[in-house]
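One letter stands for each residue in the lines below.
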Amino acid sequence: MNEFFRKLLFLPEQASTFAAGVDHLHYFVALTTFIMALAVGVLAVVFIALYKRKSETQTTPHVEPTMMIEAAFVSVPLVLFLLWFAVGFRQFVEQDTPPADAMDVYVMAKKWMWKFNYPDGPNSVNVLRVPAGRPVRLLMTSQDVIHSFFVPEFRVKKDVNPGRYTQTWFNATTPGKYEILCSQYCGAGHSIMRGEVIVMPPAEYQTWLDNLKRSPLPQDGLNTDIEKVSVNSSLAEQGRRVAAEQGCFKCHTIDGTKFTGPTWLNMFGRTEKLITGEKIVVDEAYMTESIMDPLAKIVEGYAPVMPSFQNKLAGPEIAALVEYMKSLRTDTARTTPPEGPLYAPVH
Ligand code: CUA
């Protein structure tokens, strides 16, 4: 029955735990409205034939419907609408409430690509790998305009907005490849803003992840040409790359030397005196503020020359940067300048 209706309505495969429920509601709504519309249409045709005016002088008698009929007209559609609402609302709440044990993936959308970032794993562009049978929560933000993350086979669709996070989740049931589409018009490249979710059997996924962590070399047959994977051992390591990319090291040292800007070594938890005479303790909030709005609190002895990185860095990148700065402590500090390629692309 399910398959019959699915094919009848040209719906894609059902590849997540949500899919069947969403489709069942869809069949129910389509079927009831279809039956109602059919009944109205057929009755109209029958009545046209049955009550055709027979003479020029014939008039239509005034019909006063009974209370029962009036009540039925109001209550039957009302009950149906409320039923759809009740079922749909339950599904909406479920889709909006990721389970606590879900695996997190950060999603950054920008014209016109999807970037995926696992907190303790690889980054990838346009390709998201997930294990089957495990809830995956997506924390999504956009670098430019509104996009929308849509995987038809999962029946998952959620807007991705600049300047804020939205979240959604899914539990993929069937290993395979599924297309990710952007479903908000976001400019000339909207139609090419496509990605791919690769759902792997859990064991295979684990092997892939382990291999990736062990070496940044390509894994045979596992990387498609649109996938660029860079390996990061930790969020702090990602932060180091962000800092190198954004040119932070032109002004900030990580070995304690005073330069254009304060050194990042042992910065976290340090008490700084501001040009206003106020004293502050450097915490995550101050670090984030200083990246976004550098002139808000200038440390004494430094010129107010740092540009703002508002709109230049996405949420996950700022988080990574802050983690990196926090990791720079005398006991564990890297005293050599950052080196190596900014990315370790794999083809
Ligand atoms: Cu991004 Cu449409």
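The structure displayed is predicted, hence computed values, not measured ones.

A. Representation of the pattern of salt bridges in the model. Using the criterion set out here, one finds 11 salt bridges in the structure. Between Arg 137 and Asp 104 there is a salt bridge; the shortest N-O distance is 2.8 Å. Separated by 33 residues along the polypeptide, Arg 137 in strand β5 (residues 135-142) and Asp 104 in strand β1 (residues 103-110) bring together distant segments of the chain. Close ionic contact of Arg 240 with Glu 237 constitutes a salt bridge, the shortest N to O distance being 3.2 Å. Of this pair, Arg 240 and Glu 237 both sit in helix α5 (residues 235-246), separated by three residues, roughly a single helical turn. Take Arg 240: its relative accessible area is 8%, and that puts it in the buried class. Through salt bridges that share partners, Glu 3, Arg 6 and Lys 7 make up one connected network.

B. Quick look at the sheet that holds strand β3 (residues 123-125). One open sheet accounts for five strands, arranged β3-β2-β1-β5-β8; its pairing is mixed. For this open sheet the edge positions go to β3 and β8 (166-171), each flanked by a neighbour on one side alone. Each strand of the sheet is rotated relative to its neighbour by a mean of 25°, with strand direction disregarded. Note: strand β2 (residues 113-117) against β3, three bridges, orientation antiparallel. Across the sheet, residue Lys 115 finds its bridge partner in β3, namely Val 125.

C. Quick look at the nonpolar core. Counting 37 residues, the largest nonpolar core has Trp 114, Leu 128, Leu 138, Phe 149, Phe 154 and Phe 170 as its most contacted members. Setting aside residues up to four positions removed in sequence, Phe 170 forms contacts with Phe 18, Leu 128, Val 130, Arg 134, Pro 135, Val 136, Leu 138, Phe 154 and Val 156. In this structure, Cys 248, Val 282, Met 292 and Leu 321 belong to the second largest nonpolar core, which totals 23 residues.

D. Spatial organisation of the confidence of the model for the protein chain. Chain-level statistics for the protein chain give a pLDDT mean of 84 and a share of 88% at 70 or above. Per-residue pLDDT stays below 50 along residues 217-232; that stretch engages in 49 contacts with residues further than four places along the chain or on separate chains. The low-confidence segment residues 332-347, where pLDDT is below 50, has 28 contacts with residues more than four positions distant or belonging to other chains.

E. Broad picture of the sheet that holds strand β9 (residues 176-182). The strand order across the open sheet formed by five strands is β4-β10-β9-β6-β7, and the pairing between neighbours is mixed. The sheet terminates laterally at β4 (127-131) and β7 (156-160), the two strands that pair on one side only. Each adjacent strand pair in this sheet contributes to an overall mean axis angle of 20°, direction not counted. When β9 meets strand β10 (residues 195-200), the two strands line up antiparallel, connected through five bridges. Following the sheet pairing, Gly 176 is matched in β10 by Val 199.

F. Region of interest: the packing of aromatic side chains. Here the structure, examined in full by the defined rule, presents 15 aromatic pairs. Seen in terms of ring centroids, Trp 114 and Phe 149 are 5.4 Å apart; in terms of plane orientation they differ by 90°. Their pairing is edge-to-face. One end of the pair, Trp 114, is in strand β2; the other, Phe 149, is in strand β6 (residues 147-151), with 35 residues separating them in the sequence. For the residue pair Trp 114 and Phe 149, the accessibility class agrees, reading buried in each case. For the pair Phe 154 and Phe 170, a centre-to-centre distance of 4.7 Å together with 35° between the ring planes defines the contact as tilted. In this pair, Phe 154 sits in the loop between β6 and β7 while Phe 170 sits in strand β8, placing the two residues 16 residues apart along the sequence. You can call Phe 154 buried: its relative accessible area is 0%. Since its relative accessible area comes to 0%, Phe 170 is described here as buried. Connected via pairs of aromatic rings, a cluster forms that spans Phe 4, Phe 5 and Tyr 27. Taking NZ or CZ as reference, Lys 157 lies 4.5 Å from the ring centre of Phe 150, over its face. Above the ring of Tyr 302, the side-chain terminus of Lys 258 is found at 5.0 Å from the ring centroid.

Calculation criteria
Residues numbered from 1 in each chain as written. Predicted model: local features only at pLDDT ≥ 70, side-chain atom pairs only at ≥ 80, totals over all residues. Heavy atoms only, no water. Salt bridge = Lys/Arg side-chain N within 4 Å of Asp/Glu carboxyl O. Helix = DSSP H or I, 4+ residues; strand = E, 2+ residues; numbered from the N terminus. Buried < 20%, exposed > 50% of the residue type's maximum accessible area, 1.4 Å probe, protein only. Pairing = 2+ DSSP bridges. Axes fitted to C-alpha atoms, helices over the stretch in contact; angles between N-to-C directions. Core = buried A, V, L, I, M, F, W, Y, C linked by side-chain atoms within 4.5 Å. Contact = heavy atoms within 4.5 Å. pLDDT = per-residue confidence, 0-100. Phe/Tyr/Trp six-rings, centres within 6.5 Å; stacked < 30°, edge-to-face > 60°. Lys NZ or Arg CZ within 6 Å of the ring centre and 35° of its normal.

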